[in-house]
Amino acid sequence: MKEANKDPEQTPVERPTNEFTDPLSVQDAADLSGRIIDNIEHVIVGQHDAAEHILTTILARGHLLLEDVPGVGKTMLARSLARSIDCSFKRVQFTPDLLPSDVTGVNIFNQKTNEFEFQPGPIFGNVVLADEINRAPPKTQSALLEAMEEEQVTIDGKTHDVPNPFTVIATQNAIEQDRTYELPVAEIDRFMKKLSLGYPNPKDESEVLRRVVGEHPIRRLDPVASASDIRRARATITKVTVKKPVREYVTRLANYTRDHCQLGVSPRGSISLLRAAQARAVLDSREYVIPDDVKTEAEVVLSHRVRGDTGVMGGEEGRTMIRNALDNVPVE
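Just so we're clear, the structure is a prediction, and the values are computed from it rather than from any experiment.

Participant: What is the right way to read the pairing of strand 5 (residues 115-120) from this model?
Facilitator: When a strand is regular, its side chains alternate between the sheet's two faces. The sheet contact formed by strand 4 (residues 105-110) and strand 5 spans six bridges and is antiparallel. The partner of I108 across the bridge, within strand 5, is E117. Connecting strand 4 to the antiparallel partner strand 5 that follows it, the hairpin turn spans four residues, and N114 within it adopts a positive phi of roughly 60°.

Structure (structure tokens):
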């Protein structure tokens, strides 16, 4: 474990490991998940569902997009997760002048050795926070595409593996659309889930104010899991049984969106929903997926992947489409 109050931004990058990963038992993985969620809630108030969703995303080998108004805790939620796990945390503040090499890294000529040496960028972290991702132009956003899909980065023809585990958590400004860039559809589709936190209710906001008087609680948050724990929990999730009727249910949901939208859910979206449902089953200490796991995850996994009649990706129209799919597609 890390020393108390050690800043995760300063933690060295844990390089990829090819060692055999021994899965945790389902109960141990569920207990681990509970500890991490409880730890996050030492900082984040009134967002239990969001804490579960961010954890199931990382356990299901996915990436998360947080979109909301400024100041509701998007970045703090990501930092709380990173501090709860003893692994490397990197943060990239996306701005209009950010270059792709500022994210991925560059080859620099070493005059002493007369050779080029690769200097890794912030993408080489276990948890990478892409803050206000839509403030950078599409060329810079595209620097994430290979890493998010293939867990590797190619620089000057040479491939470099990112650390294991690897998860991108991106925040997005939902207000100043005239000062931001729209995310490419290919990038949106690589995010397993898209969440909006919303404003806290008065009781929760009062509790937030109580906690931040004096030293912020994030400074006192200690890790309750290691990178190895996450790898083992991920291995557990891959063993969760998904029977044919559940797989067919996911397929019917995806096809419903393709029949009723300009742009429906891709096969990548179907895979993401199945993996998220497996992680949800483990949270409930089950070794198998049930349709309710799929229903719980469907809206946050699928709604940002569809385009309705307005031509806008996701949004309220996307959420409505997924709710309609859940209402109209039978479980057989």
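Participant: Sorry if this is basic, but what is going on with the layout of surface pockets here?
Facilitator: The gaps of empty space that remain are located by a probe, the size of a water molecule, rolled over the atoms. Reported here for the largest pocket is a volume of approximately 410 Å³. Contributing to the lining of the largest pocket are 20 residues, with G71, V72, G73, P200 and V208 lying nearest its centre. Classifying every residue of the lining of the largest pocket by side-chain character gives eleven nonpolar, seven polar and two charged.

Participant: Would you take a moment to explain helix 1 (residues 26-40) for this structure?
Facilitator: Along an α-helix, a turn takes 3.6 residues, which lines up residues three or four apart on a common side. For helix 1, built from 15 residues, the straight-helix expectation of 21 Å at 1.5 Å per residue is met to within 8% by its first-to-last C-alpha distance of 21 Å. Where helix 1 is concerned, the buried positions are V26, A29, A30, L32, S33, I36, I37, N39 and I40. Tucked inside the fold, the buried residues of helix 1 contact helix 2 (48-59), helix 3 (74-84), strand 2 (85-86), strand 11 (225-226), helix 9 (227-238) and helix 11 (267-283).

Participant: For this particular structure, what's the right way to read the confidence of the model for the protein chain?
Facilitator: In the predicted model, the protein chain carries a mean pLDDT of 87, and 93% of its residues have values of at least 70. Note on residues 1-19: pLDDT is under 50 here. Beyond four places in sequence and across chains, it has 47 contacts.

Participant: How should I be thinking about a nonpolar patch on the surface in this particular structure?
Facilitator: Among the surface-exposed residues, V208, L209 and V212 lie close enough to one another that they form a single nonpolar patch of about 220 Å² accessible area. Here V212 shows up in helix 8 (residues 202-212). Classification of V212 by relative accessible area gives partly exposed; the value is 32%.

Participant: Hey, could you run me through the nonpolar core in this one?
Facilitator: Soluble globular proteins tend to bury their nonpolar side chains together. By size, the foremost hydrophobic cluster in this structure holds 67 residues, and its most contacted members are I36, I169 and V294. Counting residues per element, this core draws most heavily on helix 11, which supplies seven residues.

Participant: Is there a simple way to think about the environment of V106 in this case?
Facilitator: Relative to the helices and strands, V106 is located in strand 4. Taking relative accessible area as the criterion, V106 reaches 32% and is therefore assigned partly exposed. Linking V106 and E117, residues eleven residues apart in sequence, is a C-alpha distance of 8.3 Å. Other than its neighbours up to four places away in sequence, V106 contacts S101, E117, F118 and Q119.

Participant: Please clarify how the side chain of S33 should be interpreted in this entry.
Facilitator: With respect to the helices and strands, the residue S33 is situated in helix 1. On the accessibility criterion, S33 (2% relative accessible area) is buried. Once residues within four sequence positions are removed from consideration, S33 is found in contact with L55, L59 and L283.

Participant: Sorry, what's going on with the packing of aromatic side chains here?
Facilitator: For any pair of aromatic rings, the description rests on two quantities: the centre-to-centre distance and the angle between the ring planes. Counted according to the given criterion, the structure contains two aromatic pairs. Ring plane angle 65° and centroid distance 5.2 Å describe the contact between F109 and F116, whose orientation is recorded as edge-to-face. Relative accessible area serves as the criterion here: at 39%, F109 is assigned to the partly exposed category.

Participant: Please explain the pattern of salt bridges as it appears in this structure.
Facilitator: When the charged atoms of two side chains lie near each other, side chains of opposite charge can form a pair. Going through the model one piece at a time under the given rule, you end up with 20 salt bridges. The shortest N-O distance in the salt bridge between E332 and R252 comes to 3.7 Å. Taken as a pair, E332 in the segment after helix 13 (315-328) and R252 in helix 10 (residues 244-260) lie far apart in primary sequence, 80 residues in all. A salt bridge links R280 to E297; the shortest N-O distance between them is 2.8 Å. Of this pair, R280 sits in helix 11 while E297 sits in helix 12 (residues 291-302); the two residues are 17 residues apart in sequence, bridging distant segments of the chain. For the pair shown, R280 and E297 are each scored as buried. Residues participating in the shared-partner salt-bridge network are E52, K193, R280 and E297.

The rules behind the values
- Residues numbered from 1 in each chain as written.
- Predicted model: local features only at pLDDT ≥ 70, side-chain atom pairs only at ≥ 80, totals over all residues.
- Heavy atoms only, no water.
- Pairing = 2+ DSSP bridges.
- Helix = DSSP H or I, 4+ residues; strand = E, 2+ residues; numbered from the N terminus.
- 1 Å grid on protein atoms, 1.4 Å probe; cavity = no way out; pocket = protein on both sides within 12 Å on 5 of 7 lines; lining within 4 Å.
- Points joined across faces, edges and corners; volume = space filled by probe spheres on them.
- Nonpolar A, V, L, I, M, F, W, Y, C, P; charged D, E, K, R; others polar.
- Expected span 1.5 Å × (residues − 1).
- Buried < 20%, exposed > 50% of the residue type's maximum accessible area, 1.4 Å probe, protein only.
- Contact = heavy atoms within 4.5 Å.
- pLDDT = per-residue confidence, 0-100.
- Patch = residues over 30% accessible without salt bridge, like charges linked within 9 Å, V, L, I, M, F, W, Y side chains within 5 Å.
- Areas by Shrake-Rupley, 256 points an atom, 1.4 Å probe, with all protein chains shown as cover.
- Salt bridge = Lys/Arg side-chain N within 4 Å of Asp/Glu carboxyl O.
- Core = buried A, V, L, I, M, F, W, Y, C linked by side-chain atoms within 4.5 Å.
- Phe/Tyr/Trp six-rings, centres within 6.5 Å; stacked < 30°, edge-to-face > 60°.

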